[in-house]
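Summary of the model geometry
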Amino acid sequence: MLVVRMFLCGHSERRHVIGEIDELINKKVTAAINGGLLPILCVGELIEERKANKTEEVVERQIKKGLAGLSAEKVNAVTIAYEPVWAIGTGLTATPQQAQEAHSFIRV
């Protein structure tokens, strides 16, 4: 029997291809926790947002809205995954420094 323990919320294709908004992603995070799953909240910026130096602004908004209304205990059940949209299927890759900068910001 296959047992699901983790659930992706806010993956880039769902955000940018299907059009899922932060509020819906928050509902999915909440439902996953309430259903006994461990949500992985994916956050990350588009290339235009990176070039405009808006990485932190975008990531902060996605995290705040994705975790809105959750208790500290429930927030502790969430894994946050930095997923720069501009590095998916484009041939571009985030440098270790770019990834570390985003991770450092997320940890605050």
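This text gives an overview of the structure that appears in the document. (Residues numbered from 1 in each chain as written. Predicted model: local features only at pLDDT ≥ 70, side-chain atom pairs only at ≥ 80, totals over all residues. Heavy atoms only, no water.)

Val29, Leu41 and Val78 are the most contacted members of the largest nonpolar core, which totals 15 residues. No other element matches helix H2 (residues 22-34), which puts 3 residues into this core. Among all residues touching Leu41, those that are not within four sequence positions of it are Cys9, Arg15, Ile25, Val29, Gln62, Ile63, Gly66, Leu67, Val78, Thr79, Ile80 and Ala81. (Core = buried A, V, L, I, M, F, W, Y, C linked by side-chain atoms within 4.5 Å. Buried < 20%, exposed > 50% of the residue type's maximum accessible area, 1.4 Å probe, protein only. Helix = DSSP H or I, 4+ residues; strand = E, 2+ residues; numbered from the N terminus. Contact = heavy atoms within 4.5 Å.)

Our focus in this paragraph is unusual backbone geometry. Of note, Asn53 is a non-glycine position whose phi angle comes to about 55 degrees, a positive value. Tracing the sequence through the fold places Asn53 in the loop between helix H3 (47-51) and helix H4 (55-66).

For H2, built from 13 residues, the straight-helix expectation of 18 Å at 1.5 Å per residue is met to within 8% by its first-to-last C-alpha distance of 18 Å. Positive backbone phi, at 85 degrees, marks Gly36, one or two positions downstream of H2. (Expected span 1.5 Å × (residues − 1).)

What follows is about the pairing of strand S2 (residues 38-43). Of all 6 residues making up S2, 5 are buried, and the element is well covered by its neighbours. For strand S1 (residues 6-9) and S2, the ladder comprises 4 bridges, and the chain directions are parallel. Bridge pairing links Cys9 to Leu41 in S2. Pairing between S2 and strand S3 (residues 79-82): 4 bridges, direction parallel. Note on S3: the bridge partner recorded for Ile40 is Thr79. (Pairing = 2+ DSSP bridges.)

Geometric descriptors of this kind do not, in isolation, establish any biological role.
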